[in-house]
Amino acid sequence: MKNAVSQFAFFGGPQLFMEPKPTSDLHRPNEDRFFSYADSIFETRQFTNNGPLVQLLEKRLAEQHGTEHCVCFCSGFLTLLMCIHALALPGKTEVILPSATYRRMADIVRWAGLTPRFTDIDFETMGVNRALFETQITDKTALLLGVHPIVNMSAVTELEELSRDTGIPLLMDSVEAAYGTIHGKKIGSFAKAEVFSMHASKFINAFEGGYATTNDAELAARLRVIRAFGFEQKDSISELGCNAKLNELHAAMALSCIDELDEQIAHNKAIFNCYKKLLSDLPLSLVSYDATEKRTWKNIVVRLTGDWGLTRDEILSVLQAENILARAYYTPPLHKKFPETASLEFPVTEAVTSVGCVLPSGAHVSEEDVANVSSILHDIYAMRAQLKEEMRDERHR
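Attention here is on the structure that accompanies the text. (Residues numbered from 1 in each chain as written. Predicted model: local features only at pLDDT ≥ 70, side-chain atom pairs only at ≥ 80, totals over all residues. Heavy atoms only, no water.)

Okay, a nonpolar patch on the surface next. Nonpolar side chains collect at one region of the surface, where Phe229, Phe231 and Ile237 lie side by side and expose about 300 Å² of accessible area between them. Structurally, Ile237 can be placed in strand 11 (residues 236–237). Ile237 sits in the exposed class, given a relative accessible area of 57%. (Patch = residues over 30% accessible without salt bridge, like charges linked within 9 Å, V, L, I, M, F, W, Y side chains within 5 Å. Areas by Shrake-Rupley, 256 points an atom, 1.4 Å probe, with all protein chains shown as cover. Salt bridge = Lys/Arg side-chain N within 4 Å of Asp/Glu carboxyl O. Helix = DSSP H or I, 4+ residues; strand = E, 2+ residues; numbered from the N terminus. Buried < 20%, exposed > 50% of the residue type's maximum accessible area, 1.4 Å probe, protein only.)

Moving on: the pattern of salt bridges. Counted according to the given criterion, the structure contains 21 salt bridges. Lys59 is the partner of Glu63 in a salt bridge, and the nearest nitrogen-oxygen pair spans 2.8 Å. Linking Glu63 with Lys59, this pair stays in helix 2 (residues 52–65), spanning four residues, or about one helical turn. On the basis of relative accessible area, Glu63 is assigned to the partly exposed category, the value being 46%. A salt bridge links Asp107 to Lys337; the nearest nitrogen and oxygen atoms lie 3.1 Å apart. Here Lys337 lies in the loop between strand 14 (327–328) and helix 11 (347–355) and Asp107 lies in helix 4 (residues 105–111), a separation of 230 residues in the sequence. Here Lys337 falls in the partly exposed class, since its relative accessible area comes to 33%. One connected set of salt bridges, linked through shared partners, spans Arg33, Arg60, Asp259 and Glu260.

The next subject is the sheet that holds strand 15 (residues 356–359). The four strands lie next to each other as 12-13-15-14, forming an open sheet whose pairing is antiparallel. In the strand order of this sheet, the two ends are held by strand 12 (284–286) and strand 14, each with one partner. Helix-sheet contacts for helix 11 involve strand 13 (300–304) and strand 15, and the interaxial angle to strand 15 is about 40 degrees. (Pairing = 2+ DSSP bridges. Contact = heavy atoms within 4.5 Å. Axes fitted to C-alpha atoms, helices over the stretch in contact; angles between N-to-C directions.)

Counting buried residues in strand 9 (residues 210–214) gives five out of five residues, a clear majority hidden from the surface. Residues Gly210, Ala212 and Thr214 point to one face of strand 9 and Tyr211 and Thr213 to the other, with burial holding for every one of them.

Here we come to the side chain of Ser197. The topology assignment puts Ser197 in strand 8 (residues 193–197). Accessibility expressed as a relative area gives 14% for Ser197, which makes it buried. Separated by 3.1 Å, the side chain of Ser197 and the backbone nitrogen of His199 make a polar contact. Sequence-distant contacts of Ser197, defined by excluding residues within four places in its chain, comprise Gly76, Val175, Lys202, Ile204, Gly209 and Gly210. (Polar contact = N/O pair within 3.5 Å; in protein donor to acceptor, adjacent residues only side chain to side chain.)

For the rest of this paragraph, the subject is the packing of aromatic side chains. The final tally for this structure, using the stated rule, is 13 aromatic pairs. With centroids separated by 5.0 Å and ring planes inclined at 80 degrees, the aromatic side chains of Phe10 and Phe11 adopt a geometry described as edge-to-face. When the ring of Phe229 is compared with that of Phe231, the centres are 6.2 Å apart and the planes differ by 70 degrees; the resulting orientation is edge-to-face. Among the aromatic side chains, those forming a connected cluster through ring pairs are Phe34, Phe35 and Phe207. Between the NZ or CZ atom of Arg303 and the centre of the ring of Phe123, over which it lies, the distance is 4.2 Å. Between Arg384 and the ring centre of Tyr381, over which it is positioned, the NZ or CZ distance is 4.0 Å. (Phe/Tyr/Trp six-rings, centres within 6.5 Å; stacked < 30°, edge-to-face > 60°. Lys NZ or Arg CZ within 6 Å of the ring centre and 35° of its normal.)

For the rest of this paragraph, the subject is the sheet that holds strand 5 (residues 170–173). A sheet is described by the order of its strands in space; here seven strands give the open sequence 1-9-8-5-4-2-3, paired in mixed fashion. In this open sheet, the two edge strands, each paired with only one partner strand, are strand 1 (69–73) and strand 3 (115–119). Sheet twist, expressed as the average angle between the axes of neighbouring strands with direction ignored, equals 25 degrees. Here strand 2 (residues 94–98) runs beside strand 4 (residues 141–147); their pairing, made up of three bridges, is parallel.

Structural measurements only, silent on function.
This is the structure in structure tokens:
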């Protein structure tokens, strides 16, 4: 597709894509289906405050995850914050979490008034396990915050055992593991609670939103109080809370998307298989899904291997100039953000995040688009020496 370096958009050539190709799901449900839910809002005349659509959504999500309770919030960020607040052991100050994860995770911990204590990840799964968390436990540990990485799963049953052995609660950030299973058991039914996002970029699109699943009735009741200003009854405040309620319009969007999950998964799986076929002869490793378990097949993660001649970030710059919105995998690691932890050494985290890339996927990416992305990657590899030289000259101009 590109026969000379000058043809790359990075050096002034025409862009491959007129419209950006994102790495987010961005599923848009059938409009008639969405409005059939939304119209009911005007019939009930209840727009928020735990309305009938939110209640229906919570019921369907609890069934989907095989759990007793689901509590919806206005964002995934606040879902995490409220769950950390509710679960952290009183008098303790530290939360253990991986350094390779969502870029705002440590900030959420700090919003809760606690201190993040980082750990490394496992190379194969890119997630966490008991051994990694166990080394970080101190007498200050308030909470174990496990995270399922993009594509793979963390060893959540090991973390549950660690939680039982130590008495430290386990909260799972399962945002990237929605709809999945481990040994047939549904994600959402592990740990003290699990947290999910319903941002437009996620598997279930509610415009914005989040939810927590749990089998603990007392915790679910407390989370409902926390999300509604701390009101337990009218004019009776029993808890430090905030306004984190999900409104009915967002619930309508989420319900519309749930109705179409099978279609999403079929599309996502076709995109993954297309990448797998077309990238097989390049020096990179496509992170695979476990086809024996349920998966969303939503994200495409690769690790660069071999001699590309260019850094990962240089390759991403070339792709992004073509309107291919590929991005780095969890870069920079969270421990590098803070002066007090920047000197810590997490070799696997730094190795994985220095070569990991997330490629375009989701509703706005077709198999033809994948073929074009693959072609550009082949062109970059074929012309890597010339690209490197031109980039060096560009910096010196």
